[in-house]
There are 2 protein chains.
Amino acid sequence: MSNRREFLKASSLVAGISLIQPASAFSIINKSTAKGGLKLRFRAYTLQLKHAFTLSTSSRTTTPVVLTEIEHDGVIGYGEASMPPYLGESHETVLRFLKKVDLSRFDDPFQMEDILTYVDGIEEANKAAKASVDIALHDLVGKLMKRPWYQIWGFDASKTPNTSYTIGIDTPEVIRQKVKEAAPYEMLKVKLGRETDKQMIETIRAVTNKPICVDINQGWTDRQMALDMIHWLKEKGIVFIEQPMPKEKIDDHAWLTAHSPLPIMADEAVQRLDDVLKCHQVYSGINIKLMKSTGMREGHKMLVLAKSLNMKVMIGCMTETSCAVSAAAQLAPMADWADLDGNLLISNDVYSGMTVVKGKVTLNQLPGIGIKKA
Amino acid sequence: MSNRREFLKASSLVAGISLIQPASAFSIINKSTAKGGLKLRFRAYTLQLKHAFTLSTSSRTTTPVVLTEIEHDGVIGYGEASMPPYLGESHETVLRFLKKVDLSRFDDPFQMEDILTYVDGIEEANKAAKASVDIALHDLVGKLMKRPWYQIWGFDASKTPNTSYTIGIDTPEVIRQKVKEAAPYEMLKVKLGRETDKQMIETIRAVTNKPICVDINQGWTDRQMALDMIHWLKEKGIVFIEQPMPKEKIDDHAWLTAHSPLPIMADEAVQRLDDVLKCHQVYSGINIKLMKSTGMREGHKMLVLAKSLNMKVMIGCMTETSCAVSAAAQLAPMADWADLDGNLLISNDVYSGMTVVKGKVTLNQLPGIGIKKA
């Protein structure tokens, strides 16, 4: 019965029908009825973007997510998977993965290493799906300890950086308008990688002196051209450069990092813990995103490893509700930079959590990942 | 007044008088009287060893330690520094360091990263002194969260390894007696590095088939001789080799690790987080000891880093009370091996905490580092 309902839902998703389902549609998947075991629930949801999201290769107005809950002894932790299409996950793949996750075999949510090692071992890939379990488990365990994770990790909430706010590729007129809308933010992020790059920077610099970081999304191909451009960008008050060239160009990135007057940050080149050491002496630092790291536990390990290698760290996100963004924000006190604007870009958030106050990532004192239902 | 008392105490220690002081002799050092600030107290103590402790170069019957307490809102966390003489710290140096530590400037014990970064920055070295603050802070924060640290870190208490029990260098007759005394333990540790090494192993193997690990304490000098000996030791059921050659012999250790049929573990070669990467591809793994790592926080980071590099991990200790040993034991569920017999070797423990049950490191459910006053 439950299985048939799941099948129908998955089928409808395959057919491209995006469902905004009521909370009652949560699927409960427990392979056994063992008393006291953890209960995992999840449902598909579709985020509506305030502005179309434009990369150098695509544009879209929605992002599919899956909202998860893990319950233990009447306490519920919330999690989320976000699946921007270029990462290869979808409603269908995440729901299919989550149906395989049997948390009823675990009685103790504190055994996070065992639980998340089990979840990671179910299948390769499925990083966003895994993150949705990890985040819900962290929220649950934090609530059981009655503490937010930044406290459990021993971080100082006041040390969070400003978040950057992304200005998409657009006409000069629209860009000027977007910079005005970005008034509450103290750091701008600009997506470059087109012929009009210098014009775009000039357009922004004509209306604001705020620090800017640029994300190339692997758009540059020649390292000398990249270095020349970086020297030009440095003059324009740019703070750092994200993923300038295709991630396969390891030697070119190492050369660029060695010569660049600005930090070179890895994004596409870094997914999980294994990748951090590969980025050492190739990039100046890494962008940690929970949807790539499989969640907070591995994200925290990546932070520890990167810091121990004296690498810079930024905490990023996808288009997400306040759930996954607030989870990522728990790591922000240790980050050099944050790009946590994912929840600000949507019109149908389901939670409230971390906020941005005068541009700064601002953590609250709620336990777990620090969210409430909106 | 308080300062004068401290001066007299330090002077008496310089003069070699080891004091076993009552708890009332704790020194309270607070540079300000700020309400709500953390209170640090400490006192010198001398551990009495059940057996003289014999290395290839020395023998002794006592170990100086300093016992610390950090108090916040009526909750007290316990810590300890242990100073085996070959590491260069003493009652005098630890007390001198701790008198410089002003925790009254911190109101929130959860800001562990800031607090311990401050403590680490007061002076170079002084690793045991720093660990005594770190351990007391962990005990306090764990008590405030009402959870033991293995739970806060998400580890499964049932996954602790057996602890090894050290059989010192001695005559065959005494060795046979010591192996009998070691009946409750499932793993033996033997200190080698003398002409009589093979005879010692043969003596033990004549009376028990238990797994044995060997600690060379840098005692071998020739890598080919080391490899030949390791092949012989493998035939005798030895499990791993600790610090075979002087730590400066990096290339020789890398060669030995590449050729050895048994894991080669770094001990003298690894102190703090920075050393872990240096041991990568030189040793098979690392021995984490809180008195070298400056405590639990950096020890946990070393564990995360070593595991992310697919290195083996053992958790070791000095001669310590159940305080520092129980603190180290919180990491044990993630360790491949444990050498946590420090509290078993003394006759005047001050606390009870982790126990050894049928040879296995056994954690309790007490919050923090899991100890009570004995």
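Residues numbered from 1 in each chain as written. Chains lettered and ligands numbered in written order. Predicted model: local features only at pLDDT ≥ 70, side-chain atom pairs only at ≥ 80, totals over all residues. Heavy atoms only, no water.

### A look at the overall build of chain A
A count of helical and extended segments in chain A gives 13 helices and 16 strands. Split into buried and exposed, the 374 residues of chain A put 61% on the buried side. Taking all contacts inside chain A whose residues are at least 6 apart in sequence as the whole, residues at least 24 apart take part in 67%. Carbon and sulfur atoms make up 51% of the accessible area of chain A, which totals about 14500 Å². (Helix = DSSP H or I, 4+ residues; strand = E, 2+ residues; numbered from the N terminus. Buried < 20%, exposed > 50% of the residue type's maximum accessible area, 1.4 Å probe, protein only. Contact = heavy atoms within 4.5 Å. Areas by Shrake-Rupley, 256 points an atom, 1.4 Å probe, with all protein chains shown as cover.)

### Concerning the packing of helix H8 (residues 223-235) of chain A against helix H9 (residues 250-259) of chain A
All names here are of chain A. Following both chains from N to C, one finds H8 and H9 inclined at 30°, their axes separated by 10 Å at the closest point. Here H8 is positioned roughly parallel relative to H9, judged by the angle of their axes. Considering only the axes of H8 and H9, their crossing is right-handed. Of H9, the residues touching H8 (which contributes Arg223, Gln224, Ala226, Leu227 and Ile230) are Asp252, Trp255, Leu256 and His259. A class-by-class count of the residues in the contact of H8 with H9 yields five nonpolar, two polar and two charged. (Axes fitted to C-alpha atoms, helices over the stretch in contact; angles between N-to-C directions. Parallel < 35°, antiparallel > 145°, perpendicular 65-115°, else oblique. Left-handed = near helix turned anticlockwise from the far one by under 90°. Nonpolar A, V, L, I, M, F, W, Y, C, P; charged D, E, K, R; others polar.)

### Overview of the side chain of B:Lys189
With respect to the helices, strands and loops of the structure, B:Lys189 is situated in strand E6 (residues 187-191). The contact partners of B:Lys189, leaving out residues within four places of it in the chain, are B:Ser164, B:Tyr165, B:Thr166, B:Ile167, B:Cys213, B:Asp215, B:Glu242, B:Met314 and B:Asp339.

### Considerations on the nonpolar core
Of all hydrophobic cores here, the largest spans 234 residues; its most connected members are A:Leu103, A:Ile286, A:Leu340, B:Leu103, B:Ile286 and B:Leu340. The dominant element in this core, judged by the number of residues it contributes, is helix H4 (residues 127-145) of chain A, at 11 residues. Discounting chain neighbours no more than four positions away, the residues touching B:Leu340 are B:Thr163, B:Ile315, B:Gly316, B:Cys317, B:Val325, B:Ala328, B:Ala329, B:Ala332, B:Met354 and B:Val361. (Core = buried A, V, L, I, M, F, W, Y, C linked by side-chain atoms within 4.5 Å.)

### Some words on the interface of chain B and chain A
Think of interface size as the accessible area that goes away when the parts come together; that is how it is often given. Across the boundary between the two partners, chain B contributes 28 residues, which contact 28 residues of chain A. Of the roughly 2300 Å² buried between chain B and chain A on both sides combined, carbon and sulfur atoms contribute 59%. Linking chain B with chain A are two salt bridges. B:Lys159 is the partner of A:Asp114 in a salt bridge, and the nearest nitrogen-oxygen pair spans 2.9 Å. Where chain B meets chain A, there are 10 residue pairs in polar contact (both at pLDDT 80 or more). The set of elements that each furnish at least two residues to the side of chain B that touches chain A consists of helix H3 (112-122), helix H4 (127-145), helix H5 (149-152), helix H10 (273-279) and helix H12 (296-308) of chain B. With five residues, H12(B) is the single largest residue contributor to the side of chain B that touches chain A. For the side of chain B that touches chain A, a count of residues per class yields 14 nonpolar, five polar and nine charged. (Buried area = accessible area lost by both parts, 1.4 Å probe. Salt bridge = Lys/Arg side-chain N within 4 Å of Asp/Glu carboxyl O. Polar contact = N/O pair within 3.5 Å; in protein donor to acceptor, adjacent residues only side chain to side chain.)

### Observations regarding the pattern of salt bridges
Using the criterion set out here, one finds 48 salt bridges over all chains in the structure. A salt bridge links B:Lys189 to B:Asp339, with the nearest nitrogen and oxygen atoms 2.7 Å apart. Taken together, the positions of B:Lys189 in strand E6 and B:Asp339 in the loop between strand E12 (337-338) and strand E13 (351-352) put the pair 150 residues apart, joining distant regions of the chain. There is no split in this pair, since B:Lys189 and B:Asp339 are both buried. Here the salt bridges do not stand alone but share partners, grouping A:Lys189, A:Lys191, A:Asp215, A:Glu242 and A:Asp339 into one network.

### Description of the environment of A:Val304
Mapped onto the secondary structure, A:Val304 falls in helix H12 (residues 296-308). For A:Val304 and A:Met334, which are 30 residues apart along the polypeptide, the C-alpha to C-alpha distance reads 9.4 Å. Ignoring sequence-local partners within four residues, the contact set of A:Val304 consists of B:Lys301 and B:Val304.

### Here's the deal with the sheet that holds strand E7 (residues 212-215) of chain B
Residues and elements named next belong to chain B. Strand order in the open sheet made by the eight strands is E5-E6-E7-E8-E9-E10-E11-E12, with parallel pairing throughout. Of all the strands in the sheet, the pair left with one neighbour each is strand E5 (164-167) and E12. Bridging between strand E8 (residues 238-242) and strand E9 (residues 264-266) involves two bridges; their strand directions are parallel. Bridging across to E9, Ile241 finds its partner in Ile264. (Pairing = 2+ DSSP bridges.)

### Quick look at the sheet that holds strand E5 (residues 164-167) of chain A
Residues and elements named next belong to chain A. Taken in spatial order, the eight strands make up an open sheet running E5-E6-E7-E8-E9-E10-E11-E12, and their pairing is parallel. The sheet is open, and its two borders are formed by E5 and strand E12 (337-338), each paired with just one other strand. Pairing of strand E11 (residues 312-316) with E12 involves two bridges; the strand directions are parallel. Along E12, the bridge assignment pairs Met314 with Trp337. Helix-sheet contacts for H8 involve strand E7 (212-215), strand E8 (238-242) and strand E9 (264-266), and the interaxial angle to E8 is about 150°.

### A closer look at the packing of aromatic side chains
Scanning the model with the defined rule gives 12 aromatic pairs over all chains in all. On the basis of an interplanar angle of 50° and a centroid distance of 5.3 Å, the ring pair of B:Trp149 and B:Trp153 is categorised as tilted. For B:Trp149, a relative accessible area of 2% corresponds to the buried category. A connected cluster of aromatic rings, assembled from ring pairs, spans A:Trp149, A:Trp153 and A:Phe155. (Phe/Tyr/Trp six-rings, centres within 6.5 Å; stacked < 30°, edge-to-face > 60°.)

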